[in-house]
Amino acid sequence: MVMRKVTRAQLRSITMKLAKEQGGNCLLCGEPLDFSIKGAKGDSVVCDHDHITGRIRGALHRSCNGGEGKVASACGRWIVGSMSNTAAIAKALRSMAEYLEREPTDYIYPTHKTEEEKRLAANAKARKARATRKAVQEIKK
C-alpha cells in the first residue's frame, strides 16, 4: 500500500468518502454523520487520525473525536505509561472494557450510599436547615 499525504483542500472530500464507506455513521457512537453541521459544534464531522503515525482512521463526530483523544491519552499516560505505542494503548483499552464488563463482587464500598441512605441523609439535612432557620428567626424576635 502506497501512503500519500493529503492536502487540506482534499481533507473534506476524503472525510466524506470515508463517511460513505462507513455507512454514513460515526465509527465510535454509531450515530449518523451530518455534514450540514459546520464549525466547532460537537456533532460536526471531522477526519480522525493517529497522532503518532499521521494516518487517517475515519470520519467521526467532533465530540467523539475529542473523547477518543482524551481516553487514549489518559490510558497511554496512566495505564501504559507511554503515548508512543498505539497497540499497547488499544490492548489496555480492550482489557479495561473486559474488566468493566466483569461481574463485580458481592462487597459494597464503605462510602457508597444506597438510594435509601441518600434519601435519609437529604431528609436529615433538610430538617437541620429548617431548625437552623427557625432558630435564627426566634433570635431575631
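Here, the structure is the one placed above.
Computed from a predicted structure; not experimentally measured.

How each quantity is defined
Residues numbered from 1 in each chain as written. Predicted model: local features only at pLDDT ≥ 70, side-chain atom pairs only at ≥ 80, totals over all residues. Heavy atoms only, no water. Helix = DSSP H or I, 4+ residues; strand = E, 2+ residues; numbered from the N terminus. Contact = heavy atoms within 4.5 Å. Expected span 1.5 Å × (residues − 1). Buried < 20%, exposed > 50% of the residue type's maximum accessible area, 1.4 Å probe, protein only. Arc of directions from axis to C-beta. Patch = residues over 30% accessible without salt bridge, like charges linked within 9 Å, V, L, I, M, F, W, Y side chains within 5 Å. Areas by Shrake-Rupley, 256 points an atom, 1.4 Å probe, with all protein chains shown as cover. Salt bridge = Lys/Arg side-chain N within 4 Å of Asp/Glu carboxyl O. Core = buried A, V, L, I, M, F, W, Y, C linked by side-chain atoms within 4.5 Å.

### What about the environment of V46?
Turning to step 1, where the next piece is worked out: Within the secondary structure layout, V46 lies in strand β1 (residues 45-49).
Turning to step 2, where the next piece is worked out: With 14 residues separating them in the primary sequence, V46 and L60 have C-alpha atoms 5.5 Å apart.
Turning to step 3, where the next piece is worked out: If near-sequence neighbours (up to four positions away) are discounted, V46 is found in contact with T15, G58, A59, L60, H61, R62 and N65.

### Some thoughts on helix α1 (residues 8-21)
Turning to step 1, where the next piece is worked out: Between the first and last C-alpha of α1 there are 20 Å, a value that for 14 residues agrees with the 20 Å anticipated at 1.5 Å per step.
Turning to step 2, where the next piece is worked out: For α1, the set of buried residues is I14, T15, L18 and A19. One side of α1 holds all its buried residues, which, seen down the axis, span an arc of 140 degrees. Exposed positions of α1 whose direction lies more than 90 degrees from the buried face are A9, K17 and K20.
Turning to step 3, where the next piece is worked out: One or two steps after α1, the chain reaches G23, where phi turns positive at roughly 80 degrees.

### Describing a nonpolar patch on the surface
Turning to step 1, where the next piece is worked out: A surface patch of nonpolar side chains, amounting to about 650 Å² of accessible area, comprises W78, I79, M96, Y99 and L100.
Turning to step 2, where the next piece is worked out: Among the secondary structure elements, those contributing two or more residues to the nonpolar patch are α2 (62-80) and α3 (86-101).
Turning to step 3, where the next piece is worked out: With 3 residues, α3 is the largest single contributor of residues to the nonpolar patch.
Turning to step 4, where the next piece is worked out: Assignment of secondary structure puts I79 in helix α2.

### Here we look at the environment of R62
Turning to step 1, where the next piece is worked out: Note on placement: R62 falls in helix α2.
Turning to step 2, where the next piece is worked out: Taking the C-alpha atoms as reference points, R62 and Q137, separated by 75 residues in sequence, lie 54 Å from one another.
Turning to step 3, where the next piece is worked out: Residues in contact with R62, not counting those within four places in the same chain, are G39, A40, K41, G42, S44 and V46.

### Observations concerning the nonpolar core
Turning to step 1, where the next piece is worked out: Among the nonpolar cores identified, the biggest contains 11 residues, and these are I14, L18, A19, C26, L33, F35, V45, C47, A59, L60 and C64.
Turning to step 2, where the next piece is worked out: In contact with V45, not counting residues within four places along its chain, are T15, L33, D34, F35, A59 and L60.

These results come straight from atomic positions and should not be treated as a statement about function.
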